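Single-letter residue listing:
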Amino acid sequence: MSKVTNTVLLLQMFVLSSTTYKSYQTSIHCTPSEPIHYPKSTEEVVNIVKRAIGENKTVKAFGSRHSITDIICTDGYPVSMKHFDHAIDNEDGTATFGAGIELQDAMIFLEKNGRTLISLPTFGGITLGGAIGTGAHGSSLLHPTSISDQVVRLTLVDGRGSLRDVSDPNELNALRVNLGLFGVIIDVTLQTVPLFKMTVHNRIHADHILTDGRTALRWAAQHDLFQIWWFPSQGDVVVSKGIYHDGTNELGNDTTNFIPDTDFITRNLVGTSFETLQETRNTYAMYLLEAYTKFSLVERVVGRAPIFEEHRNNGSAETWNNFKNPATGFSWRLMSNRCQRSCTWNTDSIRPKFLIEESSIAFDLEEFSSVINMIRKVLRQYPAAFPLVGLFIRFSIPSDGLMAISSNRSTFTVEWTTPMRWNRYEKPKDGIGAYQWILQEMVQNYNGRPHWGKNGLHYFNRDLMASVWKDKRELFVESMTKYDPEGIFLNKFGRRLLGTSDQVDKDSKVYRCALQDYCICQKHDDCGLLQNCVNRNGFNICKDLIDLKLPIISIVN
Ligand SMILES: Cc1cc2nc3c(=O)[nH]c(=O)nc-3n(C[C@H](O)[C@H](O)[C@H](O)COP(=O)(O)OP(=O)(O)OC[C@H]3O[C@@H](n4cnc5c(N)ncnc54)[C@H](O)[C@@H]3O)c2cc1C
């Protein structure tokens, strides 16, 4: 290679590495040609889009980058919408927000105006633009659970650089979960309801309520908020039942702390403990952590902020006191919160000690017992722990959103969070074989739809997206093309959805592709150090060469 070519390559590498941006927990690496832009006005957004058109480049708007798929990436101009955080209370019972406003700030604004949303996702740190990018949802079989389903109007800059106002219900249905592929959303108008309170009660039950054929689904149909954390090693679930009150007269000012702030020492301690337990394959100690998490959802435990606590605001200072369960307060404050000062995934040490990955698959409600039994079957053969949030089970009524994971069907989702290994490129998570088997079987045999903002990139490969979204994709693409005929907002993720490319935005250090679900293993090297790729029941999974675990599902039973 000539000196000139070498220099050009080095320059290109420098430009790309200096513009690289990542998902919040650093697993997704995007390598655009341009640095992140931070527009402050619609005019500036229009200019960015027009410049990209002129240069034959692409554009991608994003919010908090809390999605862990390459849905957040672009090859061209990345656009942070953080300055679009305005809020307007309209006279017709709706409210209009800048797409970059964080959910928690939107809710505080509504509360001050005596309004609220009927239901919402658990994390207040996501933006409204991001929430409708992926269809972020909460849990209820009585009310719409996603922000997407509460949208009544949108404005966006389309692929020609024109500002468009969308309120036609049919058009909105394509845009409700838009994957960031229609344009740069400027603002979002949501249906609001008068502010009201809720009482929520978390209780432990034996996990046979999941499969006795009636209990769990009957409760789900009876409560305004209903969600379950399942701890298979314990043989238990924590059931969270919420009842809405009319108005705000009920006594109580409690809030949830589901996603708490943590201090530097706790973060490092927790991260180091998980790393040690995973390195030594100490699944039994992980089961004890499952038990700890279970108890933390119903009572006060040492080392974790209370799940619900009383909130006082005397005008000059805000204080939080007293563990509460049951808890009563403004409904949204018991459904959603935001770690603010320091989230567990804060990267404030040289080597971040505690980063997480998430899996989340949505199913037709009719599959409820079968999916639970399938998970039990796998865990009987491959014991695995779910220490962080158990298996979190949530519910949604059918959504009109074309690409919503609950599109046209009553839905339940099964989600779990796993601590990432410090050397994620070579070392497998404890329980990886079970996680891989469960995920593959969920999608292949139970018609599961992967959450757009969670899961490894295998679950968004070209063939899989074509089969999961076969009856929706064509309509979605048809609608998308009307807004973006030249593909200005297409990224690698979007091209895979269209079926025109296999490329992914990949962290260049990843080479054992099955460790973070970039692929299903085909050879031993796709798995971790000291692991083989084996086939079980038709599913390829990574398995330790020396497996010391006994096939026990429960330390309690
Ligand atoms: C701690 C935590 C808790 C979570 N809890 C839930 C939950 O309860 N329920 C749930 O369903 N999900 C949950 N998620 C997932 C999360 O809600 C989604 O990934 C959400 O999309 C993230 O929003 P964001 O603002 O970070 O958007 P980003 O991740 O930045 O973007 C997501 C998508 O939206 C598009 N987008 C964002 N803004 C715009 C805009 N202005 N114009 C056009 N496109 C735009 C992006 O292009 C991208 O395609 C959680 C994630 C975390 C980290």
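Counting of residues starts from 1 at the beginning of each chain's written sequence and follows it residue by residue. Reporting in this predicted model follows two pLDDT cut-offs: at least 70 for local features of residues, and 80 or more for side-chain atom pairs to be given and counted; totals over whole chains, interfaces and linings ignore these cut-offs and use all residues. Values reported for side chains reflect all heavy atoms of the structure, with hydrogen atoms and water molecules removed beforehand.

Asker: Can you walk me through the overall build of the protein in this structure?
Answerer: Only DSSP runs of H or I reaching four residues or more are called helices, and only runs of E reaching two or more are called strands; each is numbered from the N terminus. Of regular secondary structure, the protein possesses 14 helices and 24 strands. For this measure, only C-alpha atoms enter the radius of gyration; the expected value for a globule follows 2.2 Å times N^0.38, where N is the number of residues. In terms of overall dimensions, the protein is globule-like: its C-alpha atoms have a radius of gyration of 23 Å, near the 24 Å expected for 557 residues. Taken along the three principal axes of its C-alpha coordinates, the protein extends 65 × 65 × 45 Å. Taking all 557 residues of the protein together, the buried fraction comes to 59%. Considering only contacts in the protein between residues 6 or more positions apart, those separated by 24 or more positions represent 72%. For the accessible areas, the method is Shrake-Rupley and the probe is 1.4 Å, while residue cover comes only from the protein chains on display. Summing over all exposed atoms, the protein offers an accessible surface of approximately 22400 Å²; the carbon and sulfur share of this is 52%. Think of it this way: Lys and Arg go in the positive column, Asp and Glu in the negative one, and His and the chain ends go nowhere. For this purpose, a charge sits on NZ of Lys, CZ of Arg, CG of Asp or CD of Glu. Taken as two groups, the 58 positive and 60 negative side-chain charges of the protein have centres that lie 4 Å from each other. Only protein chains enter the accessibility calculation, which uses a 1.4 Å probe; a residue is then buried when its area is under 20% of its type maximum, exposed when over 50%, and partly exposed in between. In this description, contact between two residues means that some pair of their heavy atoms is separated by no more than 4.5 Å.

Asker: Would you mind showing me how to read the state of the cysteines here?
Answerer: What is meant by a disulfide is a covalent connection between two cysteines, made through their sulfur atoms. The rule for a disulfide is simple: a pair of cysteine sulfur atoms within 2.5 Å. Applying the stated criterion across every chain, the model contains five disulfides. Note on cysteine connectivity: Cys 30 is disulfide-linked to Cys 73, with sulfurs 2.0 Å apart. What sets the handedness of the Cys 30 and Cys 73 disulfide is the S-S torsion sign, and at about -65° it is left-handed. Of this pair, Cys 30 sits in strand β2 (residues 29-30) while Cys 73 sits in the loop between β3 (59-62) and β4 (77-80), and the two are 43 residues apart along the sequence. The exposure class of Cys 30 is buried, given its relative accessible area of 0%. Here Cys 339 engages in a disulfide with Cys 343; their sulfurs sit 2.1 Å apart. When the S-S torsion is 100°, as for the bridge of Cys 339 with Cys 343, the disulfide is right-handed. Ordinal numbering of bonded cysteines along the protein defines a disulfide pattern of 1-2, 3-4, 5-6, 7-9, 8-10.

Asker: For this particular structure, what's the right way to read the sheet that holds strand β21 (residues 411-419)?
Answerer: Here, a strand pair is defined by DSSP locating no fewer than two bridges between the strands. Taken together, the eight strands give an open sheet; going across it, the order is β18-β12-β14-β13-β20-β21-β19-β22, and neighbouring strands pair in antiparallel fashion. Looking at which strands have only one partner, the edges of the open sheet turn out to be β18 (327-330) and β22 (449-450). As paired elements, strand β12 (residues 197-206) and β18 share four bridges and run antiparallel to each other. By the bridge assignment, Lys 197 is partnered in β18 with Phe 330. Only the stretch in contact is used when fitting a helix axis, every axis being a line fitted to C-alpha atoms; angles between N-to-C directions are given from 0 to 180 degrees. Sitting on the sheet, helix α6 (residues 215-222) is in contact with β12, β13 (225-231), β14 (236-244) and β20 (391-396), with an inclination near 150° to β13.

Asker: How do you make sense of the site of the ligand when you look at a structure like this?
Answerer: Taken together, 36 residues sit near the ligand, with Ala 61, Ser 67, Thr 122, Thr 127 and Thr 134 positioned nearest. Taking Gly 63, its main chain carries an N or O atom lying 2.8 Å from an oxygen atom of the ligand. One of the backbone nitrogen or oxygen atoms of Leu 179 is found 3.3 Å away from an oxygen atom of the ligand. Relative to its unbound accessible area of 960 Å², the ligand is 98% covered by the protein chains. Secondary-structure elements contributing two or more residues to the shell around the ligand are β3, α4 (128-134) and β10 (184-191). The leading source of residues in the shell around the ligand is α4, at four residues. Three residue categories are used. Nonpolar comprises Ala, Val, Leu, Ile, Met, Phe, Trp, Tyr, Cys and Pro, charged comprises Asp, Glu, Lys and Arg, and polar comprises the others, including Gly. When its residues are assigned to classes, the shell around the ligand shows 16 nonpolar, 15 polar and five charged. A cutoff of 4 Å decides nearness: a residue is near a molecule or strand if any of its heavy atoms lies inside that distance of it. Polar contacts here mean pairs of N or O atoms no more than 3.5 Å apart (in protein, one a potential hydrogen donor and the other a potential acceptor; neighbouring residues in sequence count only if both atoms are side-chain atoms).

Asker: Before we go on, may I ask you to explain the packing of helix α10 (residues 368-381) against helix α11 (residues 432-445) in this structure?
Answerer: Between two packed helices, the angle of one axis relative to the other and the distance separating the axes together describe the packing. Close contact between α10 and α11 brings their axes to 10 Å; oriented N to C, the two are set at 150°. Looking at the two axes, α10 sits roughly antiparallel to α11. Relative to α11, the crossing made by α10 is right-handed. The residues of α11 that touch α10, namely those facing Val 371, Met 374, Ile 375, Lys 377, Val 378, Leu 379 and Gln 381, are Ala 434, Trp 437, Ile 438, Glu 441 and Met 442. Split into classes, the residues belonging to the contact of α10 with α11 amount to nine nonpolar, one polar and two charged. By the definition adopted for this analysis, an angle is roughly parallel if under 35 degrees, roughly antiparallel if over 145, roughly perpendicular if from 65 to 115, and oblique otherwise. Should the near helix be turned anticlockwise from the far one by less than a right angle, the crossing is termed left-handed; should it be turned clockwise, right-handed.

Asker: Mind showing me how you'd approach the pairing of strand β6 (residues 94-98) here?
Answerer: Each regular strand shows side chains that alternate between the opposite faces of the sheet. Taken across its five residues, β6 has five buried, putting it largely inside the fold. Every second residue of β6 is oriented toward a common face, with Thr 94, Thr 96 and Gly 98 on one face and Ala 95 and Phe 97 on the other, all of them buried. Here strand β5 (residues 87-89) runs beside β6; their pairing, made up of three bridges, is antiparallel. Residue pairing across strands places Ala 87 opposite Phe 97, the latter belonging to β6. Across five bridges, the pairing between β6 and β10 is antiparallel.

Asker: Even after reading the chapter, I still don't get the sheet that holds β10, so can you show me in this structure?
Answerer: Sheet strands pair by backbone hydrogen bonding; their relative direction is either parallel or antiparallel. Sheet architecture is open: five strands sit in the order β5-β6-β10-β8-β9, paired in antiparallel fashion. Each end of this open sheet is capped by a strand with a single partner; those strands are β5 and β9 (163-166). Across the sheet, the mean angle from the axis of one strand to that of its neighbour is 15°, orientation sign disregarded. Looking at chain direction, strand β8 (residues 151-157) and β9 are connected through four bridges and run antiparallel. The partner of Thr 155 across the bridge, within β9, is Asp 165.

Spatial relationships are all this shows, so hold off on functional conclusions.
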